[in-house]
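If you want the building blocks of each chain, they are given just below.
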Amino acid sequence: MTQQTQRLAVISRVKTVVLKHHFNIGNVDYAEWCREVDQQSATLIAADDGAFEEGISALLVKLKSSHTNFYAADLNSTRPQHVIGATLRSVIGSDRSAFVA
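Residues numbered from 1 in each chain as written. Predicted model: local features only at pLDDT ≥ 70, side-chain atom pairs only at ≥ 80, totals over all residues. Heavy atoms only, no water.

**A closer look at the pattern of salt bridges**
Working step 1: With the rule as written, the count across this model stands at four salt bridges.
Working step 2: Among the salt bridges present, the one from D49 reaches R7, with a minimum N-O distance of 2.5 Å. Separated by 42 residues along the polypeptide, D49 in helix α3 (residues 49–61) and R7 in helix α1 (residues 3–21) bring together distant segments of the chain.
Working step 3: Its salt-bridge partner being R35, residue E32 comes within 3.1 Å of it at the nearest N-O pair. One end of the pair, E32, and the other, R35, are both in helix α2 (residues 30–46), three residues apart, so they sit about a helical turn from each other.
Working step 4: Owing to a relative accessible area of 40%, E32 belongs among the partly exposed residues under this scheme. (Salt bridge = Lys/Arg side-chain N within 4 Å of Asp/Glu carboxyl O. Helix = DSSP H or I, 4+ residues; strand = E, 2+ residues; numbered from the N terminus. Buried < 20%, exposed > 50% of the residue type's maximum accessible area, 1.4 Å probe, protein only.)

Structure follows, in C-alpha cells:
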C-alpha cells in the first residue's frame, strides 16, 4: 500500500468516525465540513508527514469541540482514556466552610 493510499484511507476514516461518533456541540454543518475535507485531501495526501498531521488536526479544530484531536502513532501523547475532564465548583459544607468539589 502506497503512502498516498494510506493517507487517503486515514482521511476517509476520519470523516467516517466524525460523522458517526462526533457530538456536535458547535452546531457544525457536517456537509460543509466534509466538502472542506474533500477539497483539502489532494494537498494533504501530497504533503510531508508534519503538514499532513497538522492539516488533519486543523480540520478537526473546525468541529468546535474539545478533546477532538488527531494522534499519530509515533507521538508520545496522553491517550484519551488516561485523561479526565473535570469541572470545579465551590461547595458550602455542613459546617458552612467552602471547599472545591
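**So, the confidence of the model for the protein**
Working step 1: Summary statistics for the protein give a mean pLDDT of 82 and a share of 73% for residues scoring 70 or more.
Working step 2: Mean pLDDT in the protein bottoms out at strand β2 (residues 98–100), which sits at 55, and peaks at α2, which reaches 96. (pLDDT = per-residue confidence, 0-100.)

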